[in-house]
Amino acid sequence: MTAPHSDPQPVKNVLAVVSPHVGGRATGAALAGLFPGRARVTVVESADEDPAALRAAHLLITGLSPVTAGHLAAAPHLELVQCASHGFDYVDLDAARERGVPVCNIGSSGAEKQNVAEQTFALMLALAKQLVPAHTALVEADWALPRLQQSLTELSGKTLGIIGLGHIGEEVARRAVAFDMTIVYTGPRPAGPETEARLGGARHMDLDTLLRTSDYVTLHAPLTDRTHHLLDAERLALLKPTAFVINTARGALIDQDALADALEAGTLAGAGLDVFDPEPPTAALRLLKAPNVVLSPHVAGVTRETLVRIALAAVQNVVGHLEGKPLRDVVS
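These numbers come from a predicted model, not from an experiment.

### Observations concerning the UniProt feature "domain: D-isomer specific 2-hydroxyacid dehydrogenase catalytic" (unreviewed entry) in the protein
UniProt's entry tags residues 51-331 with the feature "domain: D-isomer specific 2-hydroxyacid dehydrogenase catalytic" (unreviewed entry), counted in the numbering of this structure. Helix makes up 37% of residues 51-331 and strand 14%. Its end C-alpha atoms lie 26 Å apart.

Printed below as a string of structure tokens:
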């Protein structure tokens, strides 16, 4: 007798939502090519673009494109929302929980940690060495050395305060050790003696103490209801007037008007920002004209190498789900 024929696994519909500012259809097409034959992939640049594809979707991958309660309600067959990023603030987690749809990020993959750490240090060094005003002055035939000399400083010997010692925060700390910086950090719990020793004797402390202690403060926390405007006017006032703030995580972690107030008043030495609220920022954003800021357009996670790692991490989790494996990095 021949063995009974088993039914093939059903084809699942995957909706890949890839915003234009992270590559759009071209990036989505490359991502679609990573899926096995039992996945039918539709690429869009917004979840609203193709209502029929959303309605048919079993699995949704989003690259920084919002997934609202309305989108979730319009997708009755949805089994999973996979964020192709460490952040997940652009997904309505409450609505996903009500629907019983798990939401995952790529946190444990470390896909973005190298470039975010490098961008963090690029911003820190640009502020310490006054690279932007120095470049601008030279282009305008202004030998600015006498004017800039008093504000030039070193990273060596300074205290770096890390808000969130996860995969990215730890990667930043490793680089800080090479710059002979003292590392302090805050988070829900200490990292443990082995990790602290590996990071040059890093010390865990509460947020307010960290702010009072640090010469540089860098944010690597997720954006949630609890961390929205984590650095507000009251907390920014705890910083030394010689301190710098770096944000490569999410713009809304900082009250942007309060930060502009501090910079304009001279109660804070400077800020390096790769993220804004909203993105892209409007011309009305005061930080665009605030003194001693270095700005970049959310580039910390979008190098060629990083995008490949992000896509692979997201797809591997979705393919694992198709194969019946446990999900990784469930955030809701």
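### Considering empty space enclosed by the protein
One pass over the full model with this rule turns up one cavity of 30 Å³ or more. Approximately 40 Å³ is the volume found for the largest cavity. Considering only residue class, the lining of the largest cavity consists of five nonpolar, three polar and no charged.

### As for the pattern of salt bridges
One pass over the full model with this rule turns up 16 salt bridges. For Asp-261, the salt bridge goes to Arg-286, with nearest N and O atoms at 2.6 Å. Linking Asp-261 in helix H12 (residues 256-265) with Arg-286 in the loop between strand E11 (270-273) and strand E12 (293-295), this pair joins segments that are 25 residues apart in sequence. You can call Asp-261 partly exposed: its relative accessible area is 42%.

### Remarks on the state of the cysteines
The tally for this structure, following the rule as stated, stands at zero disulfides. Lacking any disulfide linkage, Cys-83 is separated from the closest cysteine sulfur, that of Cys-104, by 8.2 Å.

### Points about the pairing of strand E6 (residues 159-163)
Counted residue by residue, E6 has five buried out of five residues, so it is predominantly covered. Side chains Thr-159, Gly-161 and Ile-163 of E6 all project onto a buried face; the interleaved residues Leu-160 and Ile-162 project onto the opposite face, where all are buried too. As defined by bridge partners, E6 adjoins strand E7 (residues 182-186) across five bridges and the pair is classed as parallel. Across the sheet, residue Gly-161 finds its bridge partner in E7, namely Val-184. Handedness of the E6-helix H8 (residues 167-178)-E7 crossover: right-handed. Where E6 lies against strand E9 (residues 216-219), four bridges are found, and the strand directions are parallel. Opposite Ile-163, over in E9, you have Leu-219 as the bridge partner.

Analysis parameters
- Residues numbered from 1 in each chain as written.
- Predicted model: local features only at pLDDT ≥ 70, side-chain atom pairs only at ≥ 80, totals over all residues.
- Heavy atoms only, no water.
- UniProt positions renumbered as here; feature names shortened; annotations may be inferred.
- Helix = DSSP H or I, 4+ residues; strand = E, 2+ residues; numbered from the N terminus.
- 1 Å grid on protein atoms, 1.4 Å probe; cavity = no way out; pocket = protein on both sides within 12 Å on 5 of 7 lines; lining within 4 Å.
- Points joined across faces, edges and corners; volume = space filled by probe spheres on them.
- Nonpolar A, V, L, I, M, F, W, Y, C, P; charged D, E, K, R; others polar.
- Salt bridge = Lys/Arg side-chain N within 4 Å of Asp/Glu carboxyl O.
- Buried < 20%, exposed > 50% of the residue type's maximum accessible area, 1.4 Å probe, protein only.
- Disulfide = S-S within 2.5 Å.
- Pairing = 2+ DSSP bridges.
- Right-handed = clockwise from strand over helix to strand, strands pointing away.

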